[in-house]
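Results of the structural survey
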Amino acid sequence: MAPSRPIMLLTGASRGIGHATVKRFQAEGWRILTVSRQPFSEECRWPEARESHLQADLADPVSIAPLVEEVKRRLPDGRLHALVNNAGISPKLPGGGRMGLLDTDPSTWMSVFNVNLFSTAALAKGLFGPLKEAGGTIVNVTSIVGSRVHPFAGPAYACSKAALAALTREMAHEFGPHGIRVNAIAPGEIDTAILSPGTEDIIQRLIPLHRLGEPAEVANTILFLCSAQSSYINGAEIHINGGQHV
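These numbers were taken from a predicted model, which means no experiment stands behind them.

1. Regarding the sheet that holds strand β2 (residues 31-36)
Hydrogen bonds between backbone groups are what pair the strands of a sheet, and the pairing can be parallel or antiparallel. Taken together, the seven strands give an open sheet; going across it, the order is β3-β2-β1-β4-β5-β6-β7, and neighbouring strands pair in parallel fashion. Each edge of the sheet is formed by a strand with only one pairing partner; in this case those strands are β3 (53-55) and β7 (237-240). Sheet twist, expressed as the average angle between the axes of neighbouring strands with direction ignored, equals 20°. Sitting on the sheet, helix α2 (residues 64-73) touches β1 (7-11), β2 and β3, and the angle it makes with β3 is about 160°. Contacting β4 (82-85), β5 (137-141), β6 (181-187) and β7, helix α7 (residues 215-225) runs over the sheet at an angle of about 170° to β6.

Given below as structure tokens:
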């Protein structure tokens, strides 16, 4: 009997880093289950996309339990080999301006933290059993914004990503004895559709490599963290920003 394909659950798969991650993992023979608050998009033209898509609004805590049960139902042998928490929201003012503390109301704070932090914890808790069965890995997508003030991303997003880095360490400590490794990647300026006007100035002033990162470069790092090549890496946060963090 042929060995079963490893399975990954990926949130935020429809564009940018998520899209590149799907393509990279599929090239390695993985099966990917994707999560989005939107119905299936015809732009997701990778094999098995439609039948592997799960619709759930991560901003609504009530949606997590049904999502976890549906994921478990779709695991043929009860094993989940990777959970990649890539979904994230960064609210902006009308016209795309930075939403500062004085501009951010309580409901916005709660939505950002539900998507960027609390859903990550809830999914990891709900899928702990299948991850343990597989000796699986978790990769959380934090951000350079979690460790410094950024001209485009506001405090709600920044605080959620800083908290996610802390959650990654806590999960690595708690899940490690069960054979589950937990790490994070912290992208900087990546060439995706969500870049803000003015990014060119950051490239020239703050990034030693003087270029944007490519989504495929981020996807390669996620694959590394989900592979046996990183078998002794646990609780790490890897910077993917061309040296911007220095």
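2. Some details on the packing of α2 against helix α3 (residues 106-126)
It is the contact of α2 with α3, at a shortest axis distance of 10 Å, that shows an interaxial angle of 40°. In terms of axis orientation, α2 runs oblique to α3. Along this stretch, α2 crosses α3, giving a crossing that reads as right-handed. Mapping the contact onto sequence places I64, L67, V68 and K72 in α2 and S119, A122, L123 and G126 in α3. Residues that form the contact of α2 with α3 fall into these classes: five nonpolar, two polar and one charged.

3. Section: the packing of aromatic side chains
By the definition in use, this model includes four aromatic pairs. Taken together, a centroid distance of 5.9 Å and an interplanar angle of 50° make the contact between F113 and F118 tilted. Looking at F118, the relative accessible area reads 40%, which means it is partly exposed. The rings of W109, F113 and F118 are connected pair by pair, giving a single aromatic cluster.

4. A short note on the environment of P61
With respect to the secondary-structure elements, P61 resides in the loop between β3 and α2. Here P61 falls in the exposed class, since its relative accessible area comes to 53%. Along the sequence, P61 and F118 sit 57 residues apart, while their C-alpha atoms lie 8.0 Å from each other.

5. Observations regarding the pairing of β4
Residues A82 and V84 point to one face of β4 and L83 and N85 to the other, with burial holding for every one of them. Across four bridges, β1 lies against β4 in parallel orientation. The residue bridging L9 from the neighbouring strand is L83, located in β4. Direction of pairing for β4 relative to β5: parallel, over a ladder of four bridges. From the neighbouring strand, L83 faces β5, where its bridge partner is I138.

6. Quick look at the nonpolar core
Counting 30 residues, the largest nonpolar core has L9, L67 and I138 as the members making the most contacts within it. Listing elements by their share of this core, those giving two or more residues are β1, β2, α2, α3 and α5 (155-175).

Parameters and conventions
- Residues numbered from 1 in each chain as written.
- Predicted model: local features only at pLDDT ≥ 70, side-chain atom pairs only at ≥ 80, totals over all residues.
- Heavy atoms only, no water.
- Pairing = 2+ DSSP bridges.
- Helix = DSSP H or I, 4+ residues; strand = E, 2+ residues; numbered from the N terminus.
- Axes fitted to C-alpha atoms, helices over the stretch in contact; angles between N-to-C directions.
- Contact = heavy atoms within 4.5 Å.
- Parallel < 35°, antiparallel > 145°, perpendicular 65-115°, else oblique.
- Left-handed = near helix turned anticlockwise from the far one by under 90°.
- Nonpolar A, V, L, I, M, F, W, Y, C, P; charged D, E, K, R; others polar.
- Phe/Tyr/Trp six-rings, centres within 6.5 Å; stacked < 30°, edge-to-face > 60°.
- Buried < 20%, exposed > 50% of the residue type's maximum accessible area, 1.4 Å probe, protein only.
- Core = buried A, V, L, I, M, F, W, Y, C linked by side-chain atoms within 4.5 Å.

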